[in-house]
Amino acid sequence: MNKIVKNLGLYLVLILAVVTMVNTYLTPEEVQKQYDEISYSQFLKELDAGKIKILQIRNNTTPGESTSAVIQGELDGGQRFLTYGLDVSGLADKAAAKGVMVTVEAPQRNVWWATLLTSLFPTLLLIGVWVYFMNNMQPGGSSRMMAFSRSKAKLFLDNKPKIKFDSVAGCDEAKEELQEVIQFLKDPEKFKKLGAKVPKGVLLVGPPGTGKTLLARAAAGEADVPFFSTSGSEFVEMLVGVGAARVRDLFTQAKKYQPCLIFIDELDAVGRHRGAGLGGGHDEREQTLNQILVELDGFDTDKGSTILIAATNRPDILDPALLRPGRFDRHIVVDKPDVKGREEVLKVHMKDKQFADDVDVGVLARQTPGLVGADLENLINEGALLAARRDHEKITMEDLEEGIERVMAGPERKSRLISEHEKKIIAYHETGHAIVAKILPGADPVHKISIIPRGHAALGYTLQLPEEDRFLMSKSDLMNRISILLSGRVSEEIVFNDVTSGAANDLERATQIARQMVTELGMSETLGLVKLGNKRQEIFLGRDISEDRNYSEEIAYTIDKEVKTIIDDCYERAKEILTEHRDLLDKIANVLLEREVLDSEDFNKLMNEGAEQSDLPPMPDIRVDKLPKSNHDFLA
Ligand code: ADP
Ligand code: MG
Ligand code: ZN
């Protein structure tokens, strides 16, 4: 509704108010209060008696109705009276003949529209107030009412994203994976002709600030297609059903602009495991999730060409239904950048700024393990701000180094600065895991070793991936696992003659496995084939496991003793291996220290160089996205 109309409405209301007031306050009734009402016959009597001094006759003629009249007058005594008459023709003459001063007023015609407006006024007033509030509440105008169930996806139509992959530093694997999607969006026909099935849904997985949103936009930019960007949290509304309606609307809109790319950020906001959380049952989020699943199943990449990219940093809490084939079946990991990656990100954001000669990007990159792209961008900005405050002509290394401190100590405090010594310990710890995993027979191959901090707890990690799905684990497999878990701590002990708190998670998991072997898997000779304790799994807040104890104190003591024996044996085993291969441990730990990340290829090469006589076969490279998630094994 535009302004003029709105003002017109206001004027109308004002006019109505005035009309009503005039009508209400100046009605005859108000005047009549000063008059005594008498009967018509009484009036005739007074008239006959000649007691009337003044007489006013006013005809009230409503069209189509019989004539009636209001008769007012004053008696000789000064009292005023009022009465009503029906047929007053001749009354005036009669009264005049009696010497009364008579005035006759013209009939007062009721203006029909005034009557109508007056009677409708309260209703109109209410409507006016309602329209007024609706307009004020929703700044977008009256159409906003209908837009409630519309998707808030921002469409970059006329300006399809202009950024390209070159504004995204590092993330080479992710870019390569997205290339397929881009080619498809560019020329869907080519793919259709060949009958090639392109993934409908791509899930970008990685910690916040690593450039997932940026990658998605750049992918649309590379493909030169419209980009619909929305966030999972926008689907979560107070009103049940709104989220689902928005999902529907989003896909309907997108279909009009094919080929195009839809991006849902923070998918975990809607895609959480159904049945988890307080109350459990059917809630709004669940409806929304179902709608997404329906749309995903419904849109056929054969007919059009829409690709859905979603991002999350919590793939673990996503509903498994989302990850099924035909849905988000392609996962692309966007991890925190390593030294090289950080250097590249820094360079991208340093492009349009002036730097002093002493600025060394390589040094900055080495000083910032654990920082993500967004942090690095922030770092450069903080440096620039400091330089400006200090009136530097160009941004200096000092400015930037203070920038690092600011970013790291910032309100979010995502990661802390790790000292060189700490880094060395972490490198040895992780290398210890990796070497023992490599040497023990039957252990899953090492996929990646990293000393880039992940989250709060883990400072580094070693990722093992099984070559095939396993359903049976032998006792020696389990013992090996425990040895591998303990080897981080063992490595610290051998090299530094001291231990750190970094192995807490390893110890917990090792103990858990050992306990399971004793109480559930019947792998303890002393206790035999008994299952001890009952596990209960509850889906309440997340998933909880609690235990019912169904054995005696004595058995409990034996369990603990058995667990300790297993752990001790495994520990000795790890210690033997690492002592024997101390040279390998030193060599690989130092390479890791320098490079921060080692993939399986590098690691195997280093291992094989060190042990020429090694008869271990080379390790196949396994891609993360091809494996069921439950098999990923992070050793912290
Ligand atoms: P995410 O979506 O993973 O949380 P974003 O894509 O929103 O992260 O990244 C936030 C900002 O950080 C980006 O706008 C970009 O400026 C910067 N950034 C993050 N990663 C990179 C990168 N790999 N290269 C360049 N800039 C990056
Ligand atoms: Mg984002
Ligand atoms: Zn560890």
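What comes next concerns the included structure. Keep in mind the model is a prediction, meaning the values are calculated, not measured. (Residues numbered from 1 in each chain as written. Chains lettered and ligands numbered in written order. Predicted model: local features only at pLDDT ≥ 70, side-chain atom pairs only at ≥ 80, totals over all residues. Heavy atoms only, no water.)

## Observations regarding the overall build of the protein chain
Then, number 1: Each helix and strand counted, the protein chain has 21 helices and 17 strands in total.
Then, number 2: Out of the 636 residues belonging to the protein chain, those deemed buried represent 44%.
Then, number 3: Across the protein chain, contacts joining residues at least 24 apart in sequence account for 72% of those joining residues at least 6 apart.
Then, number 4: Total accessible area on the protein chain is roughly 34,700 Å²; 54% of this is exposed by carbon and sulfur atoms. (Helix = DSSP H or I, 4+ residues; strand = E, 2+ residues; numbered from the N terminus. Buried < 20%, exposed > 50% of the residue type's maximum accessible area, 1.4 Å probe, protein only. Contact = heavy atoms within 4.5 Å. Areas by Shrake-Rupley, 256 points an atom, 1.4 Å probe, with all protein chains shown as cover.)

## Examining a negative patch on the surface
Then, number 1: A contiguous patch of negative charge, built from Asp172, Glu173, Glu176, Glu344, Asp599 and Glu601, is present on the exposed surface.
Then, number 2: Residue contributions to the negative patch peak at three residues, all from helix H6 (residues 172-186).
Then, number 3: By the secondary structure assignment, Glu176 is in helix H6.
Then, number 4: For Glu176, a relative accessible area of 63% corresponds to the exposed category. (Patch = residues over 30% accessible without salt bridge, like charges linked within 9 Å, V, L, I, M, F, W, Y side chains within 5 Å. Salt bridge = Lys/Arg side-chain N within 4 Å of Asp/Glu carboxyl O. Lys, Arg positive; Asp, Glu negative; His and termini not counted. Charge placed at Lys NZ, Arg CZ, Asp CG, Glu CD.)

## Some words on the packing of helix H19 (residues 553-580) against helix H20 (residues 582-595)
Then, number 1: At a minimum axis distance of 4 Å, the contact between H19 and H20 shows a crossing angle of 75°. What the angle tells us is that H19 and H20 run roughly perpendicular. Contacts between H19 and H20 involve Leu578, Thr579 and Glu580 from the first element and Arg582, Asp583 and Leu585 from the second.
Then, number 2: Split by residue class, the contact of H19 with H20 holds two nonpolar, one polar and three charged. (Axes fitted to C-alpha atoms, helices over the stretch in contact; angles between N-to-C directions. Parallel < 35°, antiparallel > 145°, perpendicular 65-115°, else oblique. Nonpolar A, V, L, I, M, F, W, Y, C, P; charged D, E, K, R; others polar.)

## What about the site of ligand 1?
Then, number 1: Taken together, 16 residues lie around ligand 1, and Gly209, Lys212, Thr213, His349 and Glu377 are the ones closest in.
Then, number 2: Note that an oxygen atom of ligand 1 is positioned 2.8 Å from one of the side-chain N or O atoms of Lys212.
Then, number 3: Contact with the protein chains hides 81% of the accessible area of ligand 1, taken as 560 Å² for the molecule alone.
Then, number 4: Contributions of two or more residues to the shell around ligand 1 are made by helix H8 (212-223), helix H12 (339-350) and helix H14 (373-389).
Then, number 5: In terms of residue class, the shell around ligand 1 is made up of seven nonpolar, seven polar and two charged. (Near = heavy atom within 4 Å. Polar contact = N/O pair within 3.5 Å; in protein donor to acceptor, adjacent residues only side chain to side chain.)

## What about the pattern of salt bridges?
Then, number 1: One pass over the full model with this rule turns up 17 salt bridges.
Then, number 2: For Glu189, the salt bridge goes to Lys192, with nearest N and O atoms at 3.9 Å. Placement of both Glu189 and Lys192 in helix H7 (residues 188-194) is noted, with a separation of three residues, approximately one turn of the helix.
Then, number 3: Under the relative-accessibility criterion, Glu189 is labelled partly exposed at 47%.
Then, number 4: Between Lys575 and Glu493 there is a salt bridge, with its nearest N and O atoms 3.4 Å apart. In this pair, Lys575 is assigned in helix H19 and Glu493 in helix H17 (residues 475-496), connecting sequence segments 82 residues apart.
Then, number 5: Since its relative accessible area comes to 29%, Lys575 is described here as partly exposed.
Then, number 6: Residue classification places Glu493 among the partly exposed positions, given a relative accessible area of 24%.

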